[in-house]
Each structure stands twice: as C-alpha cells, then as structure tokens.
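A closer look at the structure
Listed below are the residues making up each chain.
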Amino acid sequence: MDLYKANEAIMERMAAIEKRVMDAKNADLYYFNQPISELRGGARVLVKGREMGMFASYSYLGLIGHPKINEAAKAAIDKYGTGTHGVRSLAGTLEIHEELEQTIADFRGAEAAVCYTSGYVTNLTVISTMLGRGDYVISDKLNHASIVDGCLMSGAKFVRFRHNDMDALEIRLQQVEPGASKMVIADSVFSMDGDIIDLPRVVELCRKYNAWLMIDEAHSIGVLGERGRGIEEHFGMPGAVDIKMGTLSKTIPSVGGYISGKKELIDYLRHASRAYIFSAALPPGQAAAAKASFEVILEEPWRVEKLRKNASQFITGLKQRGFDTLQTETAIVPVICGSDEHAYMMTREVQHQGVFVLPVVSPAVAPGLSRLRATVTAAHEPEEIEHAMDVIYEAGKVVGIV
Ligand SMILES: Cc1ncc(COP(=O)(O)O)c(C=O)c1O
C-alpha cells in the first residue's frame, strides 16, 4: 500500500486544499504568493512585469530600502559574514545582537530585551516558557495564530474572552482557580481588524487579579504613540505591560522577534526558552538592519505623523464610499466583502487596475467577514491613496458590495 492510501485522513486534508486552490485558479481568483520582483520607491512594486501601488505592506513607516538601514546591513555582512557560529547560548552571540537588544530596550523604555529569529517563534517559546500545566492563559479571541499556538503548546489551561470585551475578561479572571498562576495576552493592534486593545482596562484588571500581562506589538511599533513607540506611549502608560513582545519583520524591515521587560524576566528567558537555546541566532545583517531601523524611527518622526494622516484619509475615504471597515483606527484597514468569493473577486478587480491588495478569508477570519486586508503606509502620497480608494470603489460596484 502506498504512503497516501495508507494515511487516508492526511490525504483528505491535502485533497481539500488542492481542490480549493484548483477552483480558485480556474476562476482567475488565485492571488497566493505572487512574487514581487522589484521595489519601486516606497509605495510601488513590480509584480509579474506590472508596476502596482502597494496597499498590502506591513512596512508601515515605509522603511524597506531605507539607505541607512541597507548600509547597516551591508556593513554587518562585511564585518561578520552572513551567518553566526551557532545558537545564541553557544558561539552564536555577536556584539551586534547585544547592541540590538540594548537598542530595543531603550526604544521600549524597558530594562532589557532578548531577540529570537521570528515573531512567530517568539510567541511560541515565550508563552510556553512562562506557563505550564496548572497555570492559566487568558487570551483575546482575535489574537494572532502564533499566540494561540504558544498557548496550546504551553499546556496551561487556555481560556479565551470575547474580543476586546473587558467584562468578559473579568469573568475569565474570576474563574481562575485560587492560587493558580495566570497571564493575560492580547495583540495591541489586532492584525486582521486594525483596532486597538483597551489597555487601560486590561491593566486595571491584571493588577486587580494579579495576572501577568503580555502584549504583542507586531502592528503597533511605529504606528501607535507620538514617536511610534507603541501602545504604552499611545495611552500614556509607561511600564504598564509586563511582557512586551514585538516583531522585526513589519515596521522594522528585517526578520525576527523580541521581548522587552524587566531584567529578571529577560535573564530567565535567555536561560530557559527553548528557541533561544536550540535555534540559530539572527543573522548579523538582519540584526544590524533592525538596530538601524529603531534609530531611524526616532530620527525621522515625520514618518509616524504621516502614517497617522494617511491612515485617517484611507479609513475616512473608504467609509465615505460606503465600505464597512469595522473598528479600525490604524494602518490595517479591513474592507469587508462578505463571502470568500466576494473577497477574491474584489482582489481580482482591484489588482487588474494596478493596486496590489490581498484577501483574507475564512478560517483566518469569521465566515461572512472575508475581506480585503488593505494597509496604508507612510510611503503613500495623498493622491495615491485617493486613487486606490477610487479603484476599490469601482471594484466594489462591479462585485456588488457598494
Ligand atoms: C500579531 C502578530 N504577532 C506575531 C506575528 C508573527 O511575526 P513574524 O511574521 O515576524 O514571525 C505576526 C505576523 O504576521 C502578527 O501579525
């Protein structure tokens, strides 16, 4: 019997995906993994020979390709080469790692920081290092998949509360068994909806019930706060979050993830988290690029201000054109399409007019809330945003959404 026939359940899962892909391809509705061949200025890209306006980027401050950041990466490669000598705890730690961690700690207003090789891995390893059997992890229902996976991996009792609903969170906290350790985890800016966690209330509840608080700032660094320092700056609550997680792959144009917090927490993670001990260190070019990026954010505060204006123009303009953009207040702007098919059709219509947006469909979002997950960045000019909105509006009319 061959491998496939002997493992029917696996085969069925594979066949289901293959069918979905084939159906989408046949209907010219397949927009997965389109390779970008060139960056053309901050907000334009070349895709399959066509120049398009980029409205699907995580590079919120438009830092991809920034000369200082590129130079820092090149200099680090010249100095250290392209790899490290192993995992951080053996021969893998380079001076550039320590410099990056100090830069992050200073930027985040924390005592110390530790880096990992991806944001996904950071959530997995940190949650499962902090928590174990008998503990409780209380997670917002719309938290990112890497948080969910970290919670499952930890073995702690995994409970979820209704999205950004503080009464629901309090009920969950009250249900924790007396004496059990507990942690509350939430995204700061939710990655699919673009709304912001109610940090003042979360902090109040965590203090009342003595719970640790971990916040994932993947989409808020460079986006929230006057200087782009994130959610604590946004709400004027320095030091309110115990475990500040972030990525080096979005506003920061590199790759990796990090935690900042108190020195004893960071020391503990260095000695106990498995992704630090058993996985190779960040490559030096990427570490140097990340370090330079935090510096650029502070040196060029106009980017944060411009992003705020651009986001406001984009959200207001789409609402005026009749689209539902949920509760977003940030650079992530969901354009609700309804069914998966409508989201794919919108993508096709919009991309045909030279605007690069991508769909997000179920199960990544609830059925019926499939959408274009459009983003705006500091690299866009007001006329480009206006044009993209007109294109989305025309597509919305064709598909029958507005
Ligand atoms: C909220 C959130 N956390 C973590 C991650 C994972 O980060 P990375 O892509 O750097 O691994 C993402 C990535 O999309 C995210 O949106």
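Below is a summary of the structure that appears in this document. Quantities reported herein were computed from a predicted structural model and do not represent experimental measurements.

**Side note on the sheet that holds strand 6 (residues 157–161)**
Pairing is mixed across the open sheet formed by seven strands, whose spatial order is 4-10-9-8-7-5-6. The open sheet has two free edges, formed respectively by strand 4 (112–116) and strand 6, since each of these has just one partner strand. Within this sheet the neighbouring strands show an average axis-to-axis angle of 20°, counted without direction. Sitting on the sheet, helix 4 (residues 95–108) touches strand 4, strand 9 (243–247) and strand 10 (257–261), and the angle it makes with strand 4 is about 125°. The strands touched by helix 7 (residues 166–174) are strand 5 (136–140), strand 6 and strand 7 (182–187); relative to strand 6, the strand with the most contacts, the crossing angle is about 155°.

**Considering the site of the ligand**
Near the ligand there are 16 residues, and of these Tyr120, Asp216, His219, Ser249 and Lys250 occur at the shortest range. The separation between a nitrogen atom of the ligand and a polar side-chain atom of Asp216 is 2.6 Å. Bound to the protein, the ligand loses 86% of the 390 Å² it would expose on its own. Ranked by residue count, the leading element in the shell around the ligand is helix 5 (residues 119–130), at three residues. Looking at the shell around the ligand residue by residue, the class counts come to three nonpolar, ten polar and three charged.

**So, the pattern of salt bridges**
Taken as a whole and assessed by the stated rule, the structure comprises 26 salt bridges. Across the salt bridge formed by Glu295 and Lys291, the nearest N and O atoms sit 3.0 Å from each other. In this pair, Glu295 and Lys291 both sit in helix 12 (residues 284–299), four residues apart, roughly one turn of the helix. On the accessibility criterion, Glu295 (25% relative accessible area) is partly exposed. Linked by salt bridges that have partners in common, Glu38, Arg40, Arg44 and Glu51 make up one network.

**A short note on the environment of Val47**
Mapping Val47 onto the fold places it in strand 2 (residues 44–47). Taking the relative accessible area as the measure of exposure, Val47 reaches 4% and is therefore buried.

**Topic: the packing of helix 4 against helix 12**
Any two packed helices are characterised by the angle at which their axes cross and by the distance between the axes. Axis separation between helix 4 and helix 12 bottoms out at 9 Å; the angle between their running directions is 25°. On the basis of their axis angle, the class for helix 4 and helix 12 is roughly parallel. Pair helix 4 / helix 12 crosses with left-handed handedness. Between helix 4 and helix 12, the residues in contact are Ile96, His97, Glu99, Leu100, Thr103, Ile104 and Phe107 and Pro284, Ala287, Ala288, Ala290, Lys291, Phe294, Ile297 and Leu298, respectively. Here the contact of helix 4 with helix 12 is composed, by residue class, of eleven nonpolar, two polar and two charged.

**A short note on the nonpolar core**
In terms of nonpolar packing, the biggest core is built from 88 residues, with Leu248 and Phe314 touching the most fellow members. Listed in part, the 22 residues of the second largest apolar core include Met214, Ile266, Leu269 and Tyr276.

**Some remarks on the side chain of Ser362**
Of note, Ser362 is situated in the loop between strand 13 (359–360) and strand 14 (370–375). Classification of Ser362 by relative accessible area gives buried; the value is 17%.

**Notes on helix 6 (residues 145–154)**
Where helix 6 is concerned, the buried positions are Ser146, Ile147, Gly150, Cys151 and Ser154. Looking down the long axis of helix 6, one finds its buried residues gathered within 140° of arc, a one-sided arrangement. The elements touched by buried residues of helix 6 are helix 5, strand 5, strand 6, strand 7 and strand 8 (212–216). Remark: Gly155 follows helix 6 within two positions and exhibits a positive phi of approximately 85°.

Calculation criteria
- Every chain is numbered on its own, with residues counted from 1 as its sequence reads.
- Totals for whole chains, interfaces and linings use every residue, but because this is a predicted model, local features are given only for residues with pLDDT of at least 70 and side-chain atom pairs only at 80 or more, for both listing and counting.
- Each side-chain value is worked out from all heavy atoms of the structure, with water and hydrogens disregarded.
- A pair of strands is considered paired only if DSSP assigns at least 2 bridges between the two.
- Helix numbering and strand numbering both begin at the N terminus, where a helix is a DSSP run of H or I of at least 4 residues and a strand a DSSP run of E of at least 2.
- Where helices are involved, their axes are fitted lines through C-alpha atoms of the stretch in contact, as for all axes, and angles between N-to-C directions lie from 0 to 180°.
- Whether two residues are in contact is decided by their heavy atoms: any pair within 4.5 Å suffices.
- Here a residue counts as near a molecule or strand whenever at least one of its heavy atoms sits within 4 Å of it.
- Distance and chemistry together define a polar contact, namely a pair of N or O atoms within 3.5 Å, with one atom able to donate a hydrogen and the other to accept it when in protein, and with adjacent residues in sequence counting only for side-chain atoms on both sides.
- Residue burial considers only the protein chains on display, and all accessible areas are found by Shrake-Rupley using a 1.4 Å probe.
- Under the scheme applied here, ten amino acids are nonpolar (Ala, Val, Leu, Ile, Met, Phe, Trp, Tyr, Cys and Pro), four are charged (Asp, Glu, Lys and Arg), and all others, including Gly, are polar.
- Any carboxyl oxygen of Asp or Glu that lies within 4 Å of a side-chain nitrogen of Lys or Arg is treated as forming a salt bridge with it.
- Three labels apply to residues, based on accessible area from a 1.4 Å probe with only protein chains included: buried if under 20% of the type maximum, exposed if over 50%, partly exposed otherwise in between.
- Angles below 35 degrees are treated as roughly parallel, those above 145 as roughly antiparallel, those between 65 and 115 as roughly perpendicular, and all remaining angles as oblique.
- Less than a right angle of anticlockwise turn of the near helix away from the far helix marks a crossing as left-handed, whereas a clockwise turn marks it as right-handed.
- We define a nonpolar core as any set of buried Ala, Val, Leu, Ile, Met, Phe, Trp, Tyr and Cys residues linked to one another through side-chain atoms lying within 4.5 Å.
- Here, the arc refers to the directions that run from the helix axis to the C-beta atoms.

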